[in-house]
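The chain contents come next:
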Amino acid sequence: MVQEALATKGNFFHIYDFRVKAGKEEEFIEKFVEFDYSDVNPMHKSAAQVKDGVLLRHTEDPQRFYLIAEWTDVAEHARILVELKDLHPEFVGLIEDADKGAFTPDYAEVVSSTPQEILDKAAAEQTA
């Protein structure tokens, strides 16, 4: 099995941690996917986005979600985020306290990432 590191040292993740209004979880996912994969999503047009975002749902709290993606530039993500907010995507209205800043990312720098040679060695050992 080929392995690759989740992220590259020196890049950044945006990390959203938010709750969706009760009973609106499936609608939220549908509206998020509809917007995220559309041609109007400005995030997908930036060269600073290294790996596309992933929407995660908490395993024990169905209202809790996370959204993460890898970027080379925090300022570029923050700039595009302003543009995105001006588009008023429907999914944002389904987030608890979105109007109070609940859909705001934290940024984290990737400070350690497994070197490819270590991953290659582990993959070789798995097939041996």
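See the structure above.
This structure is a prediction, so every number in the text was calculated from the model and none was measured. (Residues numbered from 1 in each chain as written. Predicted model: local features only at pLDDT ≥ 70, side-chain atom pairs only at ≥ 80, totals over all residues. Heavy atoms only, no water.)

Undergrad: Can you help me understand the overall build of the protein in this one?
TA: Of regular secondary structure, the protein possesses 3 helices and 4 strands. Each principal axis of the C-alpha distribution contributes one length, and for the protein these read about 50 × 35 × 25 Å. Going through the 128 residues of the protein one by one, you find that 33% of them count as buried. Taking contacts inside the protein between residues at least 6 apart in sequence as the whole, the part at least 24 apart equals 77%. Summing over all exposed atoms, the protein offers an accessible surface of approximately 8000 Å²; the carbon and sulfur share of this is 54%. Of the charged side chains in the protein, 13 are positive and 26 negative; the average position of the first set lies 3 Å away from that of the second. (Helix = DSSP H or I, 4+ residues; strand = E, 2+ residues; numbered from the N terminus. Buried < 20%, exposed > 50% of the residue type's maximum accessible area, 1.4 Å probe, protein only. Contact = heavy atoms within 4.5 Å. Areas by Shrake-Rupley, 256 points an atom, 1.4 Å probe, with all protein chains shown as cover. Lys, Arg positive; Asp, Glu negative; His and termini not counted. Charge placed at Lys NZ, Arg CZ, Asp CG, Glu CD.)

Undergrad: Just checking my understanding: could you explain the packing of aromatic side chains for this structure?
TA: The way to describe two aromatic rings as a pair is by their centre distance and the angle between their planes. Counting across every chain of the model gives 10 aromatic pairs. Residues F32 and F91 carry aromatic rings whose centres are separated by 5.1 Å and whose planes lie at 75° to one another, so their mutual orientation is edge-to-face. You can see F32 sitting in helix α1 (residues 25-36) and its partner F91 sitting in the loop between α2 (74-87) and β4 (106-109), a full 59 residues away along the chain. Of the two residues, F32 and F91, neither departs from the other in class, the shared state being buried. Among the aromatic residues, those joined into a cluster by ring pairs are Y16, F18, F28, F32, F35, F65, F91 and F103. (Phe/Tyr/Trp six-rings, centres within 6.5 Å; stacked < 30°, edge-to-face > 60°.)

Undergrad: How should I be thinking about the pairing of strand β3 (residues 64-71) in this particular structure?
TA: Successive residues of a regular strand alternate their side chains across the two faces of the sheet. For β3, the buried fraction is high: 6 of the 8 residues fall into the buried class. Pairing geometry for strand β1 (residues 12-19) and β3, over 8 bridges, is antiparallel. The residue bridging Y16 from the neighbouring strand is L67, located in β3. Two strands pair when backbone bridges link them, and strand β2 (residues 49-57) and β3 are joined in this way by 6 bridges, in the antiparallel orientation. What sits directly across from Q49, in β3, is W71. Taking the residues that link successive antiparallel strands as the turn, the β2-β3 hairpin has 6 residues. (Pairing = 2+ DSSP bridges.)

Undergrad: How should I be thinking about the nonpolar core in this particular structure?
TA: Looking at soluble globular proteins, one finds that nonpolar side chains tend to be buried together. Counting residues in hydrophobic clusters, the biggest one holds 20 residues, and the most contacted among them are F18, F28, F91 and F103. Of all elements in the fold, only β1, α1, β3 and α2 reach the threshold of two or more residues within this core. Considering each element in turn, this core owes the most residues, 4 residues, to β3. Sequence-distant contacts of F103, defined by excluding residues within four places in its chain, comprise Y16, F18, L67, F91, V92 and I95. (Core = buried A, V, L, I, M, F, W, Y, C linked by side-chain atoms within 4.5 Å.)

Undergrad: Would you mind showing me how to read the pairing of β1 here?
TA: Of the strand pairs in this sheet, β1 and β4 are connected by 4 bridges, and their pairing is antiparallel. The residue bridging F12 from the neighbouring strand is E109, located in β4.

Undergrad: Help me out: how do you make sense of unusual backbone geometry in this one?
TA: What you tend to see is this: most non-glycine residues have negative phi, and most peptide bonds are trans. Unlike most non-glycine residues, H88 shows phi in positive territory, near 50°. Take H88: its relative accessible area is 64%, and that puts it in the exposed class. Unlike most non-glycine residues, D97 shows phi in positive territory, near 55°. Using a relative accessible area of 42% as the deciding quantity, one classes D97 as partly exposed.

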